[in-house]
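Each chain, written out:
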Amino acid sequence: MVIESSILLIAFFLMLIVSNIINRLYPKIPLPFIQIVLGILVGVLARESTLTLNSELFLALVIGPLNFCEGQESDVMTFVKYKSIVAYLILPTVFITMLTAGYVTGKLLPVDIPLAASFALGAALAPTDAVAFLSIAKRFKFPKRVESILTLEGLLNDASGLISFEFAVAALMTGTFSLLTASFSLFWAIIGGILVGILFALLNRGVLSFLEKIDIADVTGALLLELSLPIVSYFVASLFGVSGIIAVVIAGLSQARRFKRIRLFDAELDRVSQIIWETVSFMLNGLVFTVFGYELTRIVEPALVNPLVNNYRLLAIVLTVTVLLFLVRFVMISLYYAFHYRTMVRSLRAAIREILLLTFSGVKGTVSMATILLLPQFNAYAYSLILFTVAAVTLSCSEFRW
C-alpha cells in the first residue's frame, strides 16, 4: 500500500514535468487542462492502485499555501476598497447558492438523497476557487476591478462554504439543525481565523526581528519561517475550531510587500522568496489539477457503470446544475448592482459587462472536490452519485471558461 502510494506520487510529479514541457511546446493549450488529462491518464494506467486522499491534509498542505501565496500578492487597500461586494459574495451569495443548487440537485438525482446531504453537495459547489480563477486570469485579460473582486472572493469564501458543509454533515448525522448555532459558528470561524492569522503573522515578524537584533538572521531561516507560516496557521486555527483558510489568507495579506521594510536584507529575501514561491506555486497548482484528474477516474466509473442509471440523464443533470449555478450567481450579483447602482459612477452598459464577467468567471475548482470528499459515506449508491455530480459540474464549469 505504501509502495503503491509512493509510485503514484512519483507519477504525479513526473506529470508536472511533462505538463510544463507540453505547455512550452503548445502554449495555447491551457496548463490546467493538460494537467487534468495527465491525471486521468495516471488514473487509467493505475486502475488497480489506490491513493487515499486525506481532504483535511490536502486543504492544509496544498490549498492553504496556495491561498497564502496569493494573499502575499494581494493589495490590502484593494481588499478594503471592495469589502462590500466581497462580503456579499462570500456570505449571502454562497448560502443562497448552497440552498438552491443543493435542493434542486437532490430532486434531480435518480435516488433518494437526504436533504442534509443535498445541502452538503450545494455547499461544496457554492464557493469559487481563487487557484482555479488565477490559472485562467493568466491566459485572459480581466479588468483590474473584476480580477481583484474575484481573487479576494476566491481567497475568502472557502470559509463560508466549508462551514455550511460542516453543518449540513452535522444535520445529516444527527438529524438536527440550528440556524442560530450555525450563524454563531460562522461568525466565530471568521473572526477566530482572522485573529489566528494576525497572531502568527506578528509572531513571524517578532521572531525575525529578534534574530536580526542578535545578528543571526539569514535568508534560509527567514524562508523557513515564511514557508511554515501557512501550515502552522492552518492547523492551529483548525485546533481552535475556526477557519484555517481565513487564517492562512490573513497571514498572507500581512506578508504583503507594502508592509515590509525596504532594506538590503529584505530585498535579498524578497528576491529569493519570489523564486521559491513561484516554484512551490507551480508544483502545488499542478498537483491540484493532476490529483483532480486522477480522482475523476475513481469517481466517474461507479456512477457511469451502474445499470440502473441512464448516463444521458446524468449528463443532463450535470448541465442543468451548471446552468443553475451560473443563473443563481447572475441573479445575486444583479441584485447587488441594482441596489448600489446609484452610488456607482459608471454607465449601465459597463455595469452589465461587470455583472457578466463576475458571473461567468466565478470558477469552481479542486476545493469543491476536497470538500465533498469529507462527506461521510451513508449510502454507497447515493454517495457515488453525489461525488460524480460535484466532480462533473466542477469540470464542466472549468471547461466552459477554457
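Scroll up a little and you will see the structure.
The sections below set out a description of the structure shown in this document. Keep in mind that this is a model prediction, so the values were computed, not measured.

Definitions and limits used
- Residues numbered from 1 in each chain as written.
- Predicted model: local features only at pLDDT ≥ 70, side-chain atom pairs only at ≥ 80, totals over all residues.
- Heavy atoms only, no water.
- Helix = DSSP H or I, 4+ residues; strand = E, 2+ residues; numbered from the N terminus.
- Buried < 20%, exposed > 50% of the residue type's maximum accessible area, 1.4 Å probe, protein only.
- Axes fitted to C-alpha atoms, helices over the stretch in contact; angles between N-to-C directions.
- Parallel < 35°, antiparallel > 145°, perpendicular 65-115°, else oblique.
- Left-handed = near helix turned anticlockwise from the far one by under 90°.
- Contact = heavy atoms within 4.5 Å.
- Nonpolar A, V, L, I, M, F, W, Y, C, P; charged D, E, K, R; others polar.
- Core = buried A, V, L, I, M, F, W, Y, C linked by side-chain atoms within 4.5 Å.
- Phe/Tyr/Trp six-rings, centres within 6.5 Å; stacked < 30°, edge-to-face > 60°.

**Remarks on the environment of S228**
As for its position among the elements, S228 is in helix α11 (residues 219-239). Judged by its relative accessible area of 30%, S228 falls in the partly exposed class. For the pair S228 and N204, spaced 24 residues apart in sequence, the C-alpha separation works out to 9.7 Å.

**Structural notes on unusual backbone geometry**
Of note in this structure, D215 is not a glycine but carries a positive phi near 60 degrees. Checked against the element boundaries, D215 lands in the loop between α10 (179-213) and α11.

**Section: the packing of helix α6 (residues 92-108) against helix α7 (residues 115-125)**
A pair of packed helices is characterised by two quantities: the angle between their axes and the separation of those axes. For the pair α6 and α7, interaxial distance at closest approach is 7 Å and the crossing angle is 125 degrees. Between α6 and α7, the interaxial angle falls into the category oblique. Judged by the twist between their axes, the crossing of α6 over α7 is right-handed. Across from M98, L99, G102, Y103, T105 and G106 in α6, the residues of α7 making contact are L115, S118, F119, L121, G122 and A123. Tallied by class, the residues present in the contact of α6 with α7 amount to 7 nonpolar, 5 polar and no charged.

**Focus on the nonpolar core**
Residues I85, Y337 and L358 are the most contacted members of the largest nonpolar core, which totals 61 residues. Not counting chain neighbours up to four residues away, the residues in contact with I85 comprise I149, Y336, Y337 and L358. In this structure, I36, A168, A382 and F388 belong to the second largest nonpolar core, which totals 44 residues.

**Overview of the packing of aromatic side chains**
What the rule picks out here adds up to 6 aromatic pairs. Measuring from ring centre to ring centre gives 5.1 Å for Y88 and Y336, while their planes differ by 40 degrees; the resulting arrangement is tilted. On the criterion of sequence distance, the pair formed by Y88 in helix α5 (residues 83-90) and Y336 in helix α14 (residues 311-340) is long-range, its members being 248 residues apart. Judged by relative accessible area, which is 18%, Y88 ranks as buried. Judged by relative accessible area, which is 8%, Y336 ranks as buried. Judged by centre distance (6.0 Å) and plane angle (70 degrees), the ring pair of Y336 and Y337 falls under edge-to-face. Y337 sits in the buried class, given a relative accessible area of 3%. Put simply, the rings of Y88, Y336 and Y337 pair up and form one aromatic cluster.

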